[in-house]
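An overview of the molecular structure
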Amino acid sequence: MMKRDECFKVLARHRTNQIVVAVYKAAQEWIHISPSDFNYTFTGAMGQGSSHALGLALGCPDRKVIVLDGDGSLLMNLGSLVTIGHAAPKNLIHCVGENGTYETNGAVPIPGAGRISFTGLAREAGYVKTYEFDNLQDWERSVEHVISEDGPVMVDLKIVPGQEYPEDFRRLYSTQVRDAFRAALQI
Amino acid sequence: MSETGQILEVKKIIGEIKRAGIRFIVALPDRTTSHHLLKTIMKDPDFRVVQVCKEDEGISICSGLYATGHRALLLIQYTGLLDSINSLRGVAVEGKNPVCLMVGLLGKEPGVAPTQSKRYGLRIIEPILDAMGVEHHLIEYSEDTEKLVPAVDEAYRRSEPVVLLIGKEPK
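Residues numbered from 1 in each chain as written. Chains lettered and ligands numbered in written order. Predicted model: local features only at pLDDT ≥ 70, side-chain atom pairs only at ≥ 80, totals over all residues.

Focus: the nonpolar core
A general tendency of soluble globular proteins is for nonpolar side chains to be buried together. One finds Val-21 and Leu-68 of chain A together with Val-26, Leu-74, Leu-101, Val-103 and Leu-164 of chain B to be the most contacted residues of the largest nonpolar core, which totals 104 residues. When residues no more than four places from it in sequence are discounted, the contact partners of Leu-164 of chain B are Leu-101, Met-102, Val-103, His-137, Ile-139, Leu-148 and Ala-151 of chain B. (Core = buried A, V, L, I, M, F, W, Y, C linked by C-beta atoms within 7 Å. Buried ≥ 20, exposed ≤ 12 C-beta atoms within 10 Å, placed from the backbone. Contact = placed C-beta atoms within 7 Å.)

What to know about the environment of Lys-168 of chain B
Residues and elements named next belong to chain B. Structurally, Lys-168 can be placed in the segment after strand S6 (162-166). Put simply, Lys-168 and Tyr-78 are 90 residues apart on the chain and 12 Å apart in space, counted from C-alpha to C-alpha. Those residues in contact with Lys-168 that lie beyond four places of it in its chain are Leu-8, Pro-110 and Glu-140. (Helix = DSSP H or I, 4+ residues; strand = E, 2+ residues; numbered from the N terminus.)

Observations concerning helix H3 (residues 49-59) of chain A
At 3.6 residues per turn, the α-helix brings residues three or four places apart onto the same side. Of all eleven residues in H3 of chain A, eleven are buried; the element is thus mostly enclosed. Of all the residues in H3 of chain A, the buried ones are Gly-49, Ser-50, Ser-51, His-52, Ala-53, Leu-54, Gly-55, Leu-56, Ala-57, Leu-58 and Gly-59 of chain A.

Quick look at the sheet that holds strand S2 (residues 48-51) of chain B
Residue and element names in this part refer to chain B. Strand order in this open sheet of six strands is S2-S1-S3-S4-S6-S5, and the pairing throughout is parallel. Two strands bound the open sheet, and with one partner strand each, they are S2 and strand S5 (135-139). Averaged over all neighbouring strand pairs, the angle between strand axes comes to 20°, with direction disregarded. Judged from the four bridges that link them, strand S1 (residues 24-27) and strand S3 (residues 72-77) form a sheet pairing that is parallel. Note that in S3 the partner of Phe-24 across the bridge is Ala-72. Contacting strand S4 (100-104), S5 and S6, helix H8 (residues 148-158) runs over the sheet at an angle of about 155° to S6. (Pairing = 2+ DSSP bridges. Axes fitted to C-alpha atoms, helices over the stretch in contact; angles between N-to-C directions.)

Laid out in structure tokens, this is it:
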């Protein structure tokens, strides 16, 4: 298992100009680990990260879109795997931080914890590549290649909570920050 | 009302969608609009159709498209709208995303206002949208399609959602 923030620090070191969609705990940490106008955290409702990411990927086909989803969040929108598999955006990398719990909502276990395979679900839904990582060394060694692959790609990151970061839900859902995101894309 | 005024023409709806600058159609088939409208749109090379498995996905996909500078239309049935209330609340209203929805009112009686329908599910649609502060317009006859472009333009100007209710099957 990887500590989530350490896992994200590896990704941040290899990030160039990608849009990163992050939800809940991942978002709270990512905005500190990899601050950027290309961070998209305005997802508005649980489970919707992957669907926002699909819209961004279709609207911005020349730029990679990485979504940092949660396992509980993805369970709430499993159909999005099929939608994404069917739309087949080459520029979408779908990372799921699998910690087996609804961490933000009291760390209650998710249904099927430890038994369901997110990569299996994604593969059957039409994702072209899938990966699983449970240690930082393998993730560090592979991350550059993984995020350069043609998608849609599913990356299951086996994680546990790491360092605590300050929560700022107002920042995550700020329409001013969303407008700065649009401005950064020169829209 | 003239005889042609009784009809809701597919070509007029599609013409107005294009005139509104919309090229992405995000859709889950609705019995009122799928046979003539959606199938025609799917054959039209001017459109990119994104099929979703559940309607709330569409609200977020349209928002992602907006963030990248594209206009989109979510074409669904009213039951899907009811199923997507939390996304409409959090993503579109509170997130101030100009999500434009075209919603088929399956089973609405011709010429009867949705709030006067015998069907409970139809009667509650407009009051729910009113309670949420979401702008909505009824499109039942071809001349109603003239509402489409100003409604979409206003949604994008105000960065707020709008719902276009389709009152009968377009032909």
